Amino acid sequence: MNIFVLMKRTFDTEEKIVVENSRVSDDGVEFIINPYDEFAIEEAIKLKEEHGGEVTVVTVGEEEAEKELRTALAMGADKAYLINNEDVENYDQSSTSEILAAFFKDKEVDIILGGNVSNDNGTGQVGPRLAEKLAIPYVTTIVGLEISDRKATIERDVEGDQETVEVELPVLVTAQQGLNEPRYPSLPGIMKAKKKPLEVLELDDLDLDEDEVEGLTETVDVFLPPEKQAGRILEGEVEEQVAELVKLLRTEAKVI
Amino acid sequence: MDFELSKEQEMTRRMVRAFAENKIKPRTLDIDKKAQFPKDLFDEMGALGLLGLPFPEKYGGSDGDTLTYAIAVEEIGRVCGSTGLSYAAAVSLGASPIYYFGTEEQKQQFLTPLAKGETLGAFGLTEPNAGSDAGGTQTTAKLEGNDYIINGEKCFITNANYASILTVTAVTGKDARGKNMISALLVPADTPGVTIRNAYDKMGVRGSDTGEIFLDNVRVPKENLLGDPEKGFKQFLYTLDGGRISIAALGLGIAQASLERALAYAKERKQFGHPLSTFQAIQFKLADMAMEIELARNMVYKAAWLKDQKKPFTKESAFAKLFATETAFRAANQAIQIHGGNGYMREYEVERYLRDAKLLEIGEGTSEVQRLVIARQLGC
């Protein structure tokens, strides 16, 4: 089975976001594999263990993403590609999907797995956009996956409910929390990762021009949400409190 | 000079930290309070390749170096001293002597299951009348036909109750000058005549197993002699040099945990209307802790690096062990002080750091013995 995983390098979930000069500063920030992509990597390795084949992890990003790719290789992926996007000036999700579409043009694919969203921009667009461009079906927010006879039976999370979908391969799926529990890379896995192939590609290698992949969106401003105000505790008998609460919701919060 | 860790070392730190935070941390209070050896965690660590970290793949190891191993011990020690100590002892004392001095057959038979984490090993050196004074060893091994018959008693042996293979030191004869020759022998724990007892109620590292071993006419084939019978003494000195790096790394982990806890508490706890961390008396304590920890880290990593470069490291591993473990004790003590009354309570964990750190100033050569080792290296 030809199994591909789309991976993004993102801020560690414990990092504090600092905005400087209208952009998010990455000074001294720890990076990790986007947690949703980690579910995708785990699922890909499980598919390989069950059905055989090869797991290839692809990322579009900066050189530093090699570290996260090596971690994926240490977990058990077989090879990795880093597509360098540093030359693209105005970059967004349409750029990533355009670049990935060019990458997949000559690839034989049975399944592509990605995270449902990234924990930084959180748009959830790259997977579906890529599937559209490759003209293959896609299923998002999956929490269960079984494959037999080139047919995938997929459980997906629909706002707390579950839906079961059957789809022919090739297919693109995006992973939701609950799909699996990602493994730790084992020590032998870590030591072997350095010998596994990791290829760095430039846009040129994909016959792409920087202008072709310029983003379609424009960032006007970047700012942090307002600081949370202190709450207020109502006092008195329960009935008085309820009356007071309803009044405040009407007059102050203006939500009812 | 290059202070950068390799990608593999970074990745290992990240993996071990995640494992320690997610799997060990939720249980540390229990491990200490109930003095329960967390056998299941060692099974998981074995599956991750941690127990075979510094051994070659062909013996079931992970092919890592000493520095990577030190980082792993540091990260486990940062979360749980008990688990850290048993881990360090399993690798440095249980498995390493077989790797350093074993024959090919001994490595295949005894090292491989240890490196794969299928079972644990223990190193029986200390006796009621012989610790750092290894020359005082009273256990004997007499050759009778093709077997050694071993008699004696060992005490304070880490992981003994969970070990399936024991490396035991014993007097095997006298050398040309009439001095006792001390050799090491491999003794499967299920050999008739071996009795292992859990006899201790310890101050710290309570979840790390410690046992007494009694050897009563224990018969092992003479092929179970480990290494050169005439150089047994030198061999375990080398083993202890390596072990010191891991105990130093464990001290580093406990010291780091002490600083992190103390710093977080000092920033949160308010007195006289201000966080503790705004008071100079507290700031100076934290500054000293951070400085000593970084110095200890440099020394521990350097000793590990020297060993990996196959350069002499006896003096440096003694420096590292002495300084890192005393740093751990001081840092834990100051962490309690910064926590005030809360620090004396078990749930705040810093009191455990102090109890655990105290063992590190004693085990695998007391601080005084480290100073002796250093002085001898200086030519005294």
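Residues numbered from 1 in each chain as written. Chains lettered and ligands numbered in written order. Predicted model: local features only at pLDDT ≥ 70, side-chain atom pairs only at ≥ 80, totals over all residues. Heavy atoms only, no water.

**Re the interface of chain A and chain B**
This is how the line gets drawn: Between two residues, a contact is recorded if the distance between any of their heavy atoms is within 4.5 Å. Salt bridge criterion: a side-chain nitrogen from Lys or Arg within 4 Å of a carboxyl oxygen from Asp or Glu. Polar contact criterion, stated in full: a pair of N or O atoms within 3.5 Å, where within protein one must be able to donate a hydrogen and the other to accept it, and residues adjacent in sequence count only if both atoms are side-chain atoms. Helix numbering and strand numbering both begin at the N terminus, where a helix is a DSSP run of H or I of at least 4 residues and a strand a DSSP run of E of at least 2. Think of it as three bins: nonpolar holds Ala, Val, Leu, Ile, Met, Phe, Trp, Tyr, Cys and Pro, charged holds Asp, Glu, Lys and Arg, and polar takes everything else, Gly as well.
Across the boundary between the two partners, chain A contributes 18 residues, which contact 21 residues of chain B. Remark: the boundary between chain A and chain B carries three salt bridges. The partner of Glu57(B) in a salt bridge is Lys192(A), with the nearest N and O atoms 3.8 Å apart. In this structure, the connection of chain A to chain B is made through three residue pairs in polar contact (both at pLDDT 80 or more). Contributing elements (two or more residues each) for the side of chain A that touches chain B: β5 (31–33), α2 (66–75) and α5 (187–193) of chain A. Ranked by residue count, the leading element in the side of chain A that touches chain B is α2(A), at six residues. Among the residues forming the side of chain A that touches chain B, the class breakdown is nine nonpolar, two polar and seven charged.

**Observations regarding the nonpolar core**
The following threshold applies: Definition of nonpolar core: a set of buried residues of the types Ala, Val, Leu, Ile, Met, Phe, Trp, Tyr and Cys, connected through side-chain atoms within 4.5 Å. Burial classes: relative accessible area under 20% of the type maximum marks a residue as buried, over 50% as exposed, and values in between as partly exposed (1.4 Å probe, protein chains only).
In this structure, Ile111(A), Leu113(A), Leu145(A), Tyr87(B) and Val300(B) are the most contacted members of the largest nonpolar core, which totals 124 residues. For this core, the element with the most residues is helix α7 (residues 232–268) of chain B, which contributes 13 residues. Here Ile111(A) is in contact with Met1(A), Asn2(A), Ile3(A), Phe4(A), Leu47(A), Leu145(A), Ile147(A), Val171(A) and Val173(A), once residues within four sequence places are set aside. Judged by nonpolar contacts, the second largest core, of 24 residues, contains Ile99(A), Leu100(A), Ala101(A) and Phe103(A).

**Some remarks on the packing of aromatic side chains**
Rule in force here: Stacked, tilted and edge-to-face are the three classes applied to pairs of Phe, Tyr and Trp rings, where Trp contributes its six-membered ring and a pair requires centres within 6.5 Å; stacked means planes under 30 degrees apart, edge-to-face means over 60, and tilted covers the rest. Criterion for a charge above a ring: Lys NZ or Arg CZ within 6 Å of the ring centre, and within 35 degrees of the ring normal.
Going through the model one piece at a time under the given rule, you end up with 20 aromatic pairs over all chains. Centre to centre, the rings of Tyr81(A) and Phe103(A) are 5.0 Å apart; their planes meet at 65°, and the pair counts as edge-to-face. Here Phe103(A) lies in helix α3 (residues 93–104) and Tyr81(A) lies in strand β7 (residues 79–84), a separation of 22 residues in the sequence. Phe103(A) matches Tyr81(A) in its accessibility class, with the two residues each being buried. Geometrically, the ring pair formed by Phe272(B) and Phe279(B) is edge-to-face, given 6.4 Å between the ring centres and 75° between the ring planes. Aromatic rings pair up to connect Phe55(B), Tyr99(B), Tyr100(B), Phe101(B), Tyr238(B) and Phe313(B) into one cluster. Directly above the ring of Phe31(A) sits Arg9(A), whose terminal nitrogen or CZ lies 3.8 Å from the centroid. Geometry around Phe329(B) places Lys358(B) over its ring, the cationic atom sitting 5.1 Å from the centre.

**Digging into the packing of α7(B) against helix α9 (residues 314–339) of chain B**
Residues and elements named next belong to chain B. So the rule is basically this: Structural elements are reduced to axes, namely lines fitted to C-alpha atoms, with helices fitted over the stretch in contact, and the angle between N-to-C directions of any two is expressed from 0 to 180 degrees. Each angle receives one of four descriptions, namely roughly parallel if under 35 degrees, roughly antiparallel if over 145, roughly perpendicular if within 65 to 115, and oblique otherwise. What makes a crossing left-handed is the near helix being turned counterclockwise from the far one by less than a right angle; a clockwise turn instead makes it right-handed.
Put simply, α7 and α9 touch, their axes get as near as 7 Å, and they point 25° apart. As the angle between them shows, α7 and α9 are arranged roughly parallel. Between α7 and α9 lies a crossing of left-handed hand. Of the residues belonging to the contact of α7 with α9, the class tally is 17 nonpolar, seven polar and four charged.

**Thoughts on the UniProt feature "domain: Acyl-CoA dehydrogenase/oxidase C-terminal" (unreviewed entry) in chain B**
The condition that has to hold: UniProt positions are given in the numbering used here, feature names are shortened, and annotations may be inferred rather than shown by experiment.
Per the UniProt record, the feature "domain: Acyl-CoA dehydrogenase/oxidase C-terminal" (unreviewed entry) sits at residues 231–378 of chain B. Each end of residues 231–378 of chain B is marked by a C-alpha atom, and these two atoms are 23 Å apart; helix forms 77% of the span and strand 3%.

**What to know about unusual backbone geometry**
Residues Leu169(A) and Pro170(A) are joined by a peptide bond in cis, for which omega reads 0°. The residue Pro170(A) is located in the loop between β11 (161–168) and β12 (171–175) in this model. Phi is positive for Asn21(A), which is not a glycine, with a value near 50°. Here Asn21(A) shows up in the loop between β3 (19–20) and β4 (23–24). Here Lys310(B), not a glycine, exhibits a phi torsion of approximately 60°, which is positive. Residue class for Lys310(B) comes out exposed when judged on its relative accessible area of 76%.

**Points about helix α1 (residues 7–24) of chain B**
Side chains that are three or four residues apart share a direction in an α-helix, a result of its 3.6 residues per turn. Heads up, the condition is: A helix is expected to span 1.5 Å for every residue after the first.
With 18 residues, α1(B) should cover 26 Å at 1.5 Å per step; its first-to-last C-alpha distance of 24 Å lies within 8% of that length. Of all the positions in α1(B), only Glu8(B), Gln9(B), Met11(B), Thr12(B), Arg13(B), Met15(B), Val16(B), Phe19(B), Ala20(B) and Ile24(B) are classed as buried.

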